[in-house]
Amino acid sequence: MTALDRTPAVDGVLRPWQDPALPVSDRVDAILAEMTLEEKVGQLGSRWIGNDMQHEPVEEAETLNVAPMQDVFAASGTVPFDEAIRHGLGHLTRVHGSGPVTPAEGAAEVVRLQRAVVERSRFGIPAIVHEECLTGFTTYGATVYPAAIAWGATFDPELVERMAAAIGRDMAAVGVHQGLSPVLDVVRDYRWGRVEETMGEDPYLVSMLGAAYVRGLESAGIIATLKHFAGYSASRAARNHGPVPMGRRELMDMILPSFETPTGRRIRR
């Protein structure tokens, strides 16, 4: 890699993917055409910072897990960070939310990691920093808002939008790009253990409040993540990750509208 690879222009001429006058699709096609297979794969990867797997066994209480299956995703931590980013990196996972760090400490760590990622990337591509925000920015000292099931009880999209905008501003202020919310699963069986994360059983209400949350979060420049998967909340016997016995009409009428509405696009029926 040469210094020229990371300069904004070659002989004063912007490369196609750097030219803001070109359509985004053309810029994307141009940089993809230049990337190697390894560099493309690198953009699909993530690094769970602060929970790297140890070479020696550790007691469960010492792992500081903050999400389901975190140990599995963090297993890549056995590879040194400098080695893991040698072809670039797509995401930095929960730099702020994986331990009790102050906003200043978390932001400084984001800067340090981003600098390393950009310097190792032939094209200077930074990673997307994502954090959980189901009930507010999930980090030490941040405001905690009511669970999503309480948003459903408000029947107030404007209030939900204002809340989401406040959450987004907190995240943007410390270098976060993407929030892992809202949950748009429509409840089909109240035995399911994640009901409190949802906005209820009415697809219209979930659609309206979900769209409001997305508008609020993205008004602060934070990418919203529509979760979890269409049909996930309708598993057999309400067991998490269980099979879903569902017909086409139920899928189209009850499950998909909440995922469709925030995007402003119609799903082919």
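Notes on the structure in this doc start here.

Rules used throughout
- Residues numbered from 1 in each chain as written.
- Predicted model: local features only at pLDDT ≥ 70, side-chain atom pairs only at ≥ 80, totals over all residues.
- Heavy atoms only, no water.
- Helix = DSSP H or I, 4+ residues; strand = E, 2+ residues; numbered from the N terminus.
- Contact = heavy atoms within 4.5 Å.
- 1 Å grid on protein atoms, 1.4 Å probe; cavity = no way out; pocket = protein on both sides within 12 Å on 5 of 7 lines; lining within 4 Å.
- Points joined across faces, edges and corners; volume = space filled by probe spheres on them.
- Nonpolar A, V, L, I, M, F, W, Y, C, P; charged D, E, K, R; others polar.
- Phe/Tyr/Trp six-rings, centres within 6.5 Å; stacked < 30°, edge-to-face > 60°.
- Buried < 20%, exposed > 50% of the residue type's maximum accessible area, 1.4 Å probe, protein only.
- Core = buried A, V, L, I, M, F, W, Y, C linked by side-chain atoms within 4.5 Å.

Here the focus is the overall build of the protein. Each helix and strand in the protein was counted, giving ten helices and seven strands. Long-range pairs, those at least 24 residues apart, make up 67% of the contacts in the protein between residues at least 6 apart in sequence.

What follows covers the layout of surface pockets. What the second largest pocket holds in volume is close to 220 Å³. Considering the residues around the second largest pocket, the lining is formed by 14 residues, among which G42, G45, A84, G88 and L89 are closest to the centre. Contributing elements (two or more residues each) for the lining of the second largest pocket: α2 (37-42), β3 (46-48) and α4 (81-84). The element best represented in the lining of the second largest pocket is α2, accounting for three residues. Of the residues belonging to the lining of the second largest pocket, the class tally is four nonpolar, six polar and four charged.

Here we take up the packing of aromatic side chains. Tallying each qualifying case throughout the model produces four aromatic pairs. With centroids separated by 5.2 Å and ring planes inclined at 90°, the aromatic side chains of W192 and Y232 adopt a geometry described as edge-to-face. Pair noted here: W192 is in the loop between β6 (178-180) and α8 (203-219) and Y232 is in the loop between β7 (223-224) and α9 (248-255), with a separation of 40 residues, a long-range link. Here W192 matches Y232 in class, with each residue buried. The interplanar angle of 90° and the centroid separation of 6.4 Å between the aromatic rings of F229 and Y232 together place this pair among those described as edge-to-face.

Ranked by size, the top nonpolar core spans 36 residues in total, and within it F81, L92, W151, M171, Y213 and L217 carry the most contacts. Of all elements in the fold, only α5 (103-120), α6 (148-154), α7 (157-172) and α8 reach the threshold of two or more residues within this core. With seven residues, α8 is the single largest residue contributor to this core. Dropping the residues within four chain positions of it, Y213 is found in contact with C133, W151, V160, M163, A164, I167, S181 and P182. Counting residues in hydrophobic clusters, the runner-up holds six residues, among them W17, A30, I31 and I125.

Note that all results are geometric; they support no functional claim without further evidence.
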